[in-house]
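Chains, contacts and geometry: an overview
Take a look at the letters that make up each chain.
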Amino acid sequence: MTPALRELASLFPPTRLLTQPGELAPYASDALTAFRAQPLAVVLPESHAEVVAAVRWCAKHRVPYVARGSGTSLSGGSLPVEGGIVIGLNRMNRLLRLEPKERIAVVEPGFINLQVSLAAAPYGLYYAPDPSSQPVSTIGGNLAFNSGGAHCLKYGMTSNHVLAAKVVLPDGETVELGQESLEGVGPDWLGLFVGSEGLLGIATEITLRLLPKPEAFHTLLAAYDSLEKAGEAVAAVVASGLLPGAMEIMDALAIEAAEAAVQAGYPREARALLIVELEGETPQVEAEARYLDEVIRASGAYEVRIARSAEERMKIWKGRKAAFSAVGRLSPDYIVQDGVVPRSKLGQALAEIERLSERYGLRVANVFHAGDGNLHPLILYNGRVPGELERAEALAGEILRLCVALGGSITGEHGVGMEKRAYMPEMFSSEDLAAMRRIRLALDPLELANRGKMFPGEAPAAHSHGAHPLQRAGVISGG
Amino acid sequence: MSTMVLRPTSPAEVQEAVRAHRRILPRGGGSKPALSTPHQGQTVLDMTGLTGVLEYDPGEYVFVARAGTRLAEVEALLAQHGQYLPFDPPFVAQGATLGGAVAAGLSGPLRQRYGGVRDFILGVQFVDGTGQLVRGGGKVVKNAAGFDLPKLMVGSLGRLGVLTEVAFKVFPFPKATATLQVDFPSLAEALEALYRLLGSVIELYALDLVPPDTLVLRLGGLPEALPARLRRLEEFLGRPAQPITGSLEAAYWKDQNDLNRLGEGCLVKVPLSPKRIPALEEALQGVPRRYLSGGQLLYLAWSGPLQALDGLLKRQGLPGLVLRGVVEKPLIGLNLEQAFARKVTAALDPEGRFQPYAAQN
């Protein structure tokens, strides 16, 4: 054991300092399993002071680190830095304070997203951000990646629901960002911190805003014989002035996958399914439902189902929420992409994705948050077939460039992480990236905090399976 | 004191001005004079030459315009399509601009329904202290790429950069609205009703407390559902209330948009949470004031010496922002500066071009 590691061992008991290869293996990767890296050690702090101690140790010895929770990042955002430290925050999972009258909850970063709503439920409150990973993903990770979900058009992303955070900066100093109020004065420092993907510090206490649970839901499932018609239905709903809590579309392959996995009872032969959910006060939802009904009838849906009970509603959502993992039943491997296009370009984007799918000879299933223009193309491939992963990645890259070309974004809710850093220059100019890098370096001059993520050109963090497609194409350089 | 005023008409001219001048103060419509009155040695960048709507497709719920565009123009255009800025920025009739609303970080009564300016900003373009033109965020309603510079610019008071362009999410305005003014026998009972409303399923576009003990509520939605919802609301409150509707109602909220109407003296914004109200009410007797958005936001008009208010807010553990009045520093009360703030400011403005007070140091 090196002197530095001995010093680390004096800060954490043996049960919470992992250094054996077998202990480290579960931390070598997150939900983006195409990337792996071997950390030097994993520490499992149980308090703010222990996080400070770990970060100070890293700063002193110039060891890069990544903080992680349940490791559900689909962008490789919580991938360890090769030879660095993993600060695992799952043991910091306490609900510190719940003030139902003030509608706030204060939690530690390892607290699970869905548990916030469960804790708030007795008071008629809930926590709005609902990424599909909500039964396992942690609030700390949600904060770092500004996670989304199905309800972002109306309710915004994680950033819109975080009021304050106690943060350990990369030099070990502690700051308080934000406050209990929904309002503030002076620059919105917390707004910058949320979604900074662990590059600016580690949150150890997080104050969340809670909302009253809507009184009534009206959940509609409409089946179409073409994706185009479903897309046009979304535009018609928006044009009618309605503001649904969620609008989701699934294509034929996604329907097949969801049915194989959870038997949601979807019309299997449909070319596209549209889920629209209205929510709010009962008299208002009832009146809105009549408008929605007219819009959907006129949109050419060949079958329309309305959830008549909470069970029927849950069944409709179960299929949608299971669609990602369900695709695993159709293919040995798949890549989940996460691009955004303006809603009016959805049809164009889908047609282009279909052409690309044919050109690459790879199946693509589409699930998307239609209200937000947030596409989730699932690119199916077989990792055992030589070259197929690379082809899938190249196809994924083309889809991202398509999103940017149509005026959208390379990520709606998964973050840039390891996966998309090479595509940042597609979306931002060198001046934009330089400004972000200056902020990064002002807070972390040694680039220790989650090194190698978000920005192209930062020191490589991991050994991947090969050069990035853009690198091979000569568009970018570096790892 | 002589002040140089420049009126750029393009982002490139803003860059040029920032590079050429040692101290810069951006100014929009001048509706928040405490934030836009220059100090010694500052060059004013009058941003009202940088105007125009760049993108607006009502079907996208997205709106992009140059920062100097007047809110009145934005609202008129959005209203043609039944849409609005849900954070309800104040001082529309007083000439406030989009960029000024973002830089000051101001929201109005309607923020109660969907959130404040930070919840609706999608993208920014600004000139930083080194003269670089920087873009952050995007033009789609959902985006997680890169650092969230748009939110950082909310409330930045021109200290981190000069805004040149902003993108917003917009929403449909309710097809029908009605307002209830409900008097309670005491502040305690008004607050109890406010808490019950906040925890209930009743969705309000505005929920204001007018001291000492009146709640003003605004309902919005489909016209056919409104009568039933109003009846329910009255039952819920257990008190009689006469709804205000139609043009009278619209005029009432238009009046409220001009916060200057509160009264003379320094106009101050105080962010808070409802549990702070009882103690504040004891301290603020006789001060014209109104609590917006379910007790999250207080605007008050302070006629005494500002140091007294500064002390009062500090004792209550609250920060404040002076919008009108002659001030050395517009941020009063609790000091929220910390290492994170200092480092980010130094990164975007290393030479302190936007730092208004360095000249006096």
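Residues numbered from 1 in each chain as written. Chains lettered and ligands numbered in written order. Predicted model: local features only at pLDDT ≥ 70, side-chain atom pairs only at ≥ 80, totals over all residues. Heavy atoms only, no water.

Things to note about the interface of chain A and chain B
What counts here: Contacts are assigned to residue pairs that have any heavy atoms within 4.5 Å of one another. Any carboxyl oxygen of Asp or Glu that lies within 4 Å of a side-chain nitrogen of Lys or Arg is treated as forming a salt bridge with it. Per the convention used, a helix needs a DSSP run of H or I reaching at least four residues, while a strand needs a run of E reaching at least two, with both numbered from the N terminus. In this classification, Asp, Glu, Lys and Arg are treated as charged, Ala, Val, Leu, Ile, Met, Phe, Trp, Tyr, Cys and Pro as nonpolar, and every other residue, Gly included, as polar.
Of the residues lining the interface, 94 residues belong to chain A; the matching set on chain B comes to 78 residues. At the boundary of chain A and chain B, one finds twelve salt bridges. Of the charged contacts, one joins Arg232 of chain B and Glu215 of chain A as a salt bridge, the two residues approaching to 3.0 Å between their closest N and O atoms. For the side of chain A that touches chain B, the secondary-structure elements that each account for two or more residues are β5 (95-99), α6 (152-155), β9 (174-178), α7 (189-193), β14 (272-280), α10 (282-298), α14 (424-427) and α15 (430-443) of chain A. With nine residues, the top contributor of residues to the side of chain A that touches chain B is α15 of chain A. Along the lines of polarity and charge, the residues of the side of chain A that touches chain B split into 40 nonpolar, 27 polar and 27 charged.

Brief notes about the sheet that holds strand β7 (residues 121-127) of chain B
Residues and elements named next belong to chain B. To be explicit about the condition: Think of it this way: DSSP has to see at least two bridges between two strands before they count as a pair. Each axis is a line fitted through C-alpha atoms, and for a helix only the stretch in contact is used; angles between axes span 0 to 180 degrees, taken between their N-to-C directions.
Spatially, the five strands line up as an open sheet ordered β4-β5-β9-β7-β8, and their pairing is antiparallel. The sheet is open, and its two edges are formed by β4 (53-57) and β8 (133-137), each paired on a single side. Between one strand and the next, the sheet's axes are offset by a mean angle of 10°, whatever the strand orientation. In the sheet, β7 pairs with strand β9 (residues 162-169) via six bridges, with the strands oriented antiparallel. Looking at the pairing, Val127 lines up with Val162 of β9.

Considerations on the environment of Thr51 of chain B
All names here are of chain B. Mapped onto the elements, Thr51 comes out in the loop between β3 (43-46) and β4. Measuring from C-alpha to C-alpha, the distance between Thr51 and Phe171 comes to 22 Å, with 120 residues separating the pair along the chain. For Thr51, the contacting residues outside a window of four places in its chain are Arg66, Gly68 and Thr69.

Describing the packing of aromatic side chains
Residue and element names in this part refer to chain B. Spelled out, the test is: Two aromatic rings, drawn from Phe, Tyr or Trp (for Trp, its six-membered ring), form a pair once their centres lie within 6.5 Å of each other, and the interplanar angle then sorts them: stacked below 30 degrees, edge-to-face above 60, tilted otherwise. Per-residue accessibility, obtained with a 1.4 Å probe over protein chains only, is compared with the maximum for each type, and a residue is labelled buried under 20%, exposed over 50%, and partly exposed between these values. Both a distance and an angle decide whether a charge sits over a ring: NZ of Lys or CZ of Arg must be within 6 Å of the ring centre and within 35 degrees of the ring normal.
Going through the model one piece at a time under the given rule, you end up with eleven aromatic pairs over all chains. Taking the centre distance of 5.6 Å and the plane angle of 65° together, the rings of Tyr56 and Phe63 count as edge-to-face. On the basis of an interplanar angle of 80° and a centroid distance of 5.9 Å, the ring pair of Tyr61 and Phe171 is categorised as edge-to-face. In this pair, Tyr61 sits in the loop between β4 and β5 (62-66) while Phe171 sits in strand β10 (residues 171-172), placing the two residues 110 residues apart along the sequence. Assessed through its relative accessible area of 1%, Tyr61 is described here as buried. Accessibility expressed as a relative area gives 0% for Phe171, which makes it buried. Site record: aromatic cluster; members linked through ring pairs are Tyr61, Tyr114, Phe120, Phe171 and Tyr205. One residue, Arg113, lies across the ring of Tyr205, its end atom 5.8 Å from the ring centre. Note that Arg196 overlies the ring of Phe236, its terminal NZ or CZ placed 4.4 Å from the centroid.

A look at the packing of helix α9 (residues 252-262) of chain A against helix α11 (residues 310-327) of chain A
Residues and elements named next belong to chain A. How we decide: In what follows, roughly perpendicular refers to angles from 65 to 115 degrees, roughly parallel to angles under 35, roughly antiparallel to angles over 145, and oblique to any angle outside these ranges.
Two elements in contact, α9 and α11, have axes whose closest approach is 8 Å; the angle formed by their N-to-C orientations is 95°. Between α9 and α11, the interaxial angle falls into the category roughly perpendicular. Touching Ala257, Ala258, Ala261 and Val262 of α9 are Lys318, Gly319, Ala322, Ala323, Ala326 and Val327, all from α11. A per-class count over the contact of α9 with α11 returns eight nonpolar, one polar and one charged.

Digging into unusual backbone geometry
With an omega of 10°, the peptide bond running from Pro211 of chain B to Pro212 of chain B counts as cis. One can find Pro212 of chain B in the loop between β12 (206-210) and β13 (214-221). Positive phi is not limited to glycine here, since Gln263 of chain A has a value of about 45°. In this fold, Gln263 of chain A is placed in the loop between α9 and β14. Exposure remark for Gln263 of chain A: the relative accessible area of 47% places this residue in the partly exposed category. Notably, Ser293 of chain B is not glycine yet its phi reads approximately 55°, a positive angle. Residue position: Ser293 of chain B is located in the loop between β16 (289-292) and β17 (297-302). Taking the relative accessible area as the measure of exposure, Ser293 of chain B reaches 1% and is therefore buried.

Description of the side chain of Arg218 of chain B
The residue Arg218 of chain B is located in strand β13 in this model. The residues touching Arg218 of chain B, leaving out its near neighbours within four places in the chain, are Leu110, Phe173, Thr177, Ala178, Thr179, Leu204, Tyr205, Ala206, Glu249 and Trp253 of chain B.

Notes on the environment of Asn335 of chain B
Residues and elements named next belong to chain B. This is how the line gets drawn: Polar contact is the term for a pair of N or O atoms within 3.5 Å; when the atoms are in protein, one must be able to donate a hydrogen and the other to accept it, and sequence-neighboring residues count only if both atoms are side-chain atoms.
Relative to the assigned elements, Asn335 resides in the loop between β19 (331-333) and α13 (339-348). The exposed category is assigned to Asn335, whose relative accessible area is 60%. Within polar-contact distance, the side chain of Asn335 engages the backbone nitrogen of Glu337 at 3.0 Å.

Quick look at the sheet that holds strand β1 (residues 17-18) of chain A
Residue and element names in this part refer to chain A. The four strands are arranged β1-β2-β4-β3 in an open sheet whose pairing can be described as mixed. Looking at strand neighbours, the two that pair on one side only are β1 and β3 (65-68), the edges of this open sheet. Bridge analysis of β1 against strand β2 (residues 41-43) gives two bridges, and the strand direction is antiparallel. Along β2, the bridge assignment pairs Leu17 with Val43. Lying on the sheet, helix α1 (residues 3-11) is in contact with β1, β2 and β4 (85-88); it crosses β2 at an angle near 20°. Contacts between helix α3 (residues 48-61) and the sheet are confined to β2, β3 and β4, with β4 contributing the most and set at about 170° to the helix.

Such coordinate-based values are descriptive only and should not be taken to indicate function.
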